[in-house]
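# Structural overview
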Amino acid sequence: MVAPESVLICGGGTAGWMTANLMQHAWPEATISLIESSNIGIIGVGEGSTPALKQFFKKLKISESDWMPECNATYKVGISFPNWSTRPGFESYFHPFFSELDLKPGEPFFYNSKLQKDGVSANAHPDQYFVTAEMARRRCAPISEKYPQIDIDYGYHFDSGLLGEFLKTRAIANGLIHIIDDITSVVVDNEQIQSVIGKKHGTLIADLYVDCTGFSSLLLQKALGVPFKHYKENLFNDSAVAIATDIDIEQGIPAETRSSALSAGWAWRIPLVNRYGNGYVYSSDYISSEQAESELREHLQAFDEEKYPARHLKMKVGRVEQHWKSNCLGVGLSQGFIEPLEATALMLVQYTIEEFIQAQSSNNNEKYSEFNTKVNKMMEGIRDYIVCHYVTNSRDDSAYWRDCRNAKRSSNLDKLLSSWSNNESFEQALRELDNELVYLRPSWYVMLMGVGRFPEQLSHQAPTDKPVFDVKKAKGYCEQLVDDVFPSHNDYLKKLYQDKWA
Ligand SMILES: Cc1cc2nc3c(=O)[nH]c(=O)nc-3n(C[C@H](O)[C@H](O)[C@H](O)COP(=O)(O)OP(=O)(O)OC[C@H]3O[C@@H](n4cnc5c(N)ncnc54)[C@H](O)[C@@H]3O)c2cc1C
């Protein structure tokens with residue numbers, strides 16, 4: 001199959017509409033239809049991205065001034081993690097999106113981290129060494145109008161419902177057939193989908209079916225019976241409660257997601273131009289939905305239930321064993337979900353579609369298994385980094401956090417953590433696992449140093465041939481660069497939004 005002549009996308013959440021746009025781009029001759037229910041809503045959360053989303057819009061030639069004002073979007077330069085650690089001075093750290101600008105201050109960070117791990121007092125808190133950490137502190141936009149050749153990796157915050165609407169309008173304008181109907185059944189014969197049955201539209205037939213039906217996974221898991229592998233032993237959280245609150249934009253819109261640890265999970269805070277999106281991701285084994293809602297209200301100081309209504313959600317955390325089976329591809333929550341601590345779900349959507357578009361044109365008989373192995377590796381790699389947040393926490397205030405320290409780890413994560421205290425072994429482990437990891441060297445260093453995972457006693461002297469690097473130089477470099485190059489987040493958004501600015 002070079003390109004399918006017809007595609008039926010089932011589901012109109014963010015995954016469905018991203019799939020529609022990318023497949024239209026790849027296969028302009030194909031007839032692409034999308035069926036979605038008006039009775040079953042979309043999940044309606046998922047408002048932070050990684051830098052991969054920048055590439056999505058770039059590929060589709062959609063400019064930021066076109067889509068961001070339509071989706072109340074803001075820039076995101078990283079994520080801060082308050083209260084995951086109790087070590088004095090390391091109660092919070094920032095996980096930056098990295099770019100070439102970090103090469104200069106980043107090296108001293110690795111260097112000082114290694115000294116500190118060897119027991120030398122070396123000022124190795126990651127927040128001092130990365131340019132986007134400084135941008136987050138100053139609420140700057142990661143756009144350099146002064147030096148447009150500087151290519152910075154950054155992500156976005158956006159209203160997920162509005163993003164879906166934007167992508168829907170574009171897909172329909174580009175010829176997509178939009179069907180509003182409920183899928184009542186899926187006909188399967190010989191492990192192939194033969195048709196999808198709509199309540200009003202009857203039999204719908206295509207060469208390729210894309211399952212974007214969310215957690216219900218009507219085609220891939222229910223109809224084709226693809227098994228699901230739970231990550232429950234690794235990641236305990238299975239529920240969330242979301243509450244939107246007001247934002248005072250005059251104070252400057254933050255350019256970061258904040259992920260604060262609470263008693264049985266963590267709370268996100270995502271700044272848009274018209275509101276904060278907030279939510280508490282927690283484990284129902286440790287706290288009830290009522291307790292979670294009241295803890296979140298306390299955390300947000302949002303006690304008025306009418307003004308700030310809460311939405312409760314269940315999460316199925318894990319992945320399918322095969323994301324592509326015969327004539328069906330699973331994309332989005334239907335293929336699996338890793339809890340949103342690093343906001344990776346849409347990155348996985350994008351990765352799945354792009355890899356599939358490449359793989360399906362191949363004549364290789366192994367293409368199904370190669371594709372599925374790749375996507376599984378991506379999910380396992382993301383999972384390992386998320387699990388590391390939990391197993392390295394040092395909170396002692398609840399059974400949840402104590403149990404999280406003993407969550408099941410993969411052999412890769414075990415190898416990284418057990419080698420961490422020895423600088424040479426850790427670097428070697430990183431090299432050996434290079435092909436398996438999704439998060440790279442800087443992210444591991446930032447997390448592990450950020451929570452203060454180094455000896456209690458910093459009593460050694462730096463070797464005379466390896467003096468401590470002066471942290472003020474790295475911080476000064478970042479401050480100077482941000483001062484010189486990057487505009488305030490508000491000022492830049494105002495320009496981008498023009499007459500849509502509130
Ligand atoms: C608490 C939480 C926080 C999250 N935060 C982030 C984040 O910060 N960043 C990120 O990237 N991702 C995040 N995600 C994930 C993100 O929300 C999803 O990956 C994304 O919204 C895609 O969802 P979806 O399109 O797969 O499913 P859904 O939005 O659930 O859409 C399912 C679609 O299928 C349709 N459908 C279902 N059944 C039928 C039927 N019988 N007939 C017809 N149509 C049907 C529905 O109508 C709907 O259109 C988060 C998820 C959760 C739970």
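Residues numbered from 1 in each chain as written. Predicted model: local features only at pLDDT ≥ 70, side-chain atom pairs only at ≥ 80, totals over all residues. Heavy atoms only, no water.

### Some words on the site of the ligand
- With respect to spatial proximity, 31 residues lie near the ligand, and among them Gly 12, Ile 40, Gly 48, Ile 183 and Leu 333 are the closest.
- Note that a nitrogen atom of the ligand is positioned 3.2 Å from one of the backbone N or O atoms of Ser 37.
- One nitrogen or oxygen atom from the main chain of Ile 43 is found 2.9 Å from an oxygen atom belonging to the ligand.
- Compared with its free state, where it exposes 1,000 Å², the ligand has 96% of that area covered by protein.
- Those elements that provide at least two residues to the shell around the ligand are α1 (14-26) and α9 (345-360).
- Residues that form the shell around the ligand fall into these classes: 16 nonpolar, eleven polar and four charged. (Near = heavy atom within 4 Å. Polar contact = N/O pair within 3.5 Å; in protein donor to acceptor, adjacent residues only side chain to side chain. Areas by Shrake-Rupley, 256 points an atom, 1.4 Å probe, with all protein chains shown as cover. Helix = DSSP H or I, 4+ residues; strand = E, 2+ residues; numbered from the N terminus. Nonpolar A, V, L, I, M, F, W, Y, C, P; charged D, E, K, R; others polar.)

### With respect to the pairing of strand β9 (residues 192-198)
- Extensive coverage of β9 is indicated by the burial of five of its seven residues.
- Here six bridges tie strand β8 (residues 183-189) to β9, and the two strands are oriented antiparallel to one another. Paired with Asp 189 across the two strands is Gln 192, which belongs to β9.
- Hairpin remark: β8 followed by β9, antiparallel, with two residues in the connecting loop; positive phi at Asn 190, about 55 degrees.
- Taken together, β9 and the strand that follows it, strand β10 (residues 202-204), pair antiparallel across an intervening segment of three residues. (Buried < 20%, exposed > 50% of the residue type's maximum accessible area, 1.4 Å probe, protein only. Pairing = 2+ DSSP bridges.)

### Thoughts on the environment of Gly 48
- Considering the arrangement of structural elements, one finds Gly 48 in the loop between β2 (31-36) and α2 (52-59).
- Overall, the relative accessible area of 9% leaves Gly 48 in the buried class.
- Remark: the alpha-carbon pair of Gly 48 and Gly 89, spanning 41 residues in sequence, is separated by 27 Å.
- When sequence neighbours within four positions are dropped, the list of residues in contact with Gly 48 reads Lys 76, Tyr 156, His 157, Phe 158, Ile 270 and Ala 343. (Contact = heavy atoms within 4.5 Å.)

### Quick word on the sheet that holds β10
- Reading across the sheet, the three strands line up as β8-β9-β10 and stay open at both edges, with antiparallel pairing between neighbours. Two strands bound the open sheet, and with one partner strand each, they are β8 and β10. Averaged over all pairs of adjacent strands, the angle between their axes in this sheet comes to 30 degrees, without regard to strand direction.
- Sheet analysis places β9 next to β10, joined by three bridges and oriented antiparallel. Bridged to Ile 197 within β10 is Thr 203. (Axes fitted to C-alpha atoms, helices over the stretch in contact; angles between N-to-C directions.)

### Observations regarding the sheet that holds strand β18 (residues 318-320)
- In spatial order, the strands read β12-β18-β21; together these three strands make up an open sheet with antiparallel pairing. Each of the sheet's edge strands pairs with one partner strand only, and the pair in question is β12 (228-230) and β21 (336-337).
- Bridge analysis of β18 against β21 gives two bridges, and the strand direction is antiparallel. Note that in β21 the partner of Gly 318 across the bridge is Phe 337.
- Each of β12, β18 and β21 is contacted by helix α10 (residues 367-391), which is oriented at about 180 degrees to β18, the strand it contacts most.

### Quick look at the domain arrangement of the chain
- Its domain assignment divides the chain into domain 1 (6-47 + 159-232 + 317-380), domain 2 (81-145 + 384-484) and domain 3 (239-313).
- For domain 2 and domain 3, the distance between their C-alpha centres works out to 26 Å.
- Listed by partner, the interface residues are 15 residues for domain 2 and 17 residues for domain 3.
- Between domain 2 and domain 3 the total buried area reaches about 1,200 Å² when both faces are included, carbon and sulfur atoms providing 57% of it.
- Per-residue buried area on domain 2 facing domain 3 is highest for Pro 82, Arg 139 and Tyr 400; these three make up 46% of the total on that side.
- Inspection of the domain 2/domain 3 interface yields ten residue pairs in polar contact (both at pLDDT 80 or more).
- A per-element tally of the side of domain 2 that touches domain 3 places helix α11 (residues 399-404) first, with four residues.
- Residue classes in the side of domain 2 that touches domain 3 are distributed as ten nonpolar, two polar and three charged. (Domains from an automatic or database assignment. Buried area = accessible area lost by both parts, 1.4 Å probe.)

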